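Observations on the three-dimensional arrangement
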Amino acid sequence: MIITVAAFKGGVGKSVTALHVATYLQAKADTLLVDGDLNRSALDWSNRGSLPFKVASEDDGITLAALYEHIVIDTPTKPSFKELKSIACGCDLVIVPTTPDAIALAATMQMVELLDKLKANYRILLTIVPPSPNKSGKEVKLALKNAKLPIFKAVIKRLAVFQRAALEGVPVNAVNDPYAQVAWRCYADVGKEILS
């Protein structure tokens, strides 16, 4: 299975999502994370600590791909139409992470419009969702459902433990923190939806 994580806006949890989806898939079969992000976030993350899967640059990913059952690709922010076309046509699922705010949603809707034109298989993932009593996550999820857009049931909560995981260079489920398992459950639920 090839999964691409793509967004037209930075700061929506794209690299965090790619890394944790790869962590989930690695528990099922050998998984490769290809870091195509210009910031090299996943490679930086892996260099700080230890990840349970292989992380490679785009160039290395091409030669390594045949060795892995699952491939997760972290893309640059705001890929061009040509890049988006090759992303969409070359994978089984495009995950489009978005935060529940107007600017991120506007960028997401631009990407969705292009993915629909390409007849791509994609699903929107709400990320960095603020805790109650803030209702923005529920409101945006309902609006996306009402617009009949494909959306994950799972949402990724806004939790500081994700930043701690990045600092330690490990997935969130390897952090010694009371919120680590809450954070991990968010992505485990996403993984279950992908494989169901």
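See the structure shown above.
Now for a look at the structure at hand.

**Digging into the pairing of strand S1 (residues 2–5)**
With four bridges connecting them, S1 and strand S4 (residues 70–74) associate as parallel partners. When the sheet's bridge partners are listed, Thr 4 is paired in S4 with Ile 73. Bridge count between S1 and strand S5 (residues 93–98): three bridges; the pairing is parallel. Note on S5: the bridge partner recorded for Thr 4 is Val 94.

**Concerning the sheet that holds S5**
What the six strands build is an open sheet, ordered S3-S2-S4-S1-S5-S6; its pairing is parallel. Each having just a single partner strand, strand S3 (54–57) and strand S6 (122–126) make up the two edges of the open sheet. Neighbour-to-neighbour, the strand axes of the sheet open up by a mean angle of 25°, direction not taken into account. Across the face of the sheet, helix H8 (residues 180–195) comes into contact with S1, S5 and S6 while running at roughly 165° to S6.

What counts and how
- Residues numbered from 1 in each chain as written.
- Predicted model: local features only at pLDDT ≥ 70, side-chain atom pairs only at ≥ 80, totals over all residues.
- Heavy atoms only, no water.
- Pairing = 2+ DSSP bridges.
- Helix = DSSP H or I, 4+ residues; strand = E, 2+ residues; numbered from the N terminus.
- Axes fitted to C-alpha atoms, helices over the stretch in contact; angles between N-to-C directions.
- Contact = heavy atoms within 4.5 Å.

Keep in mind that these numbers describe shape and distance, not what the molecule does.
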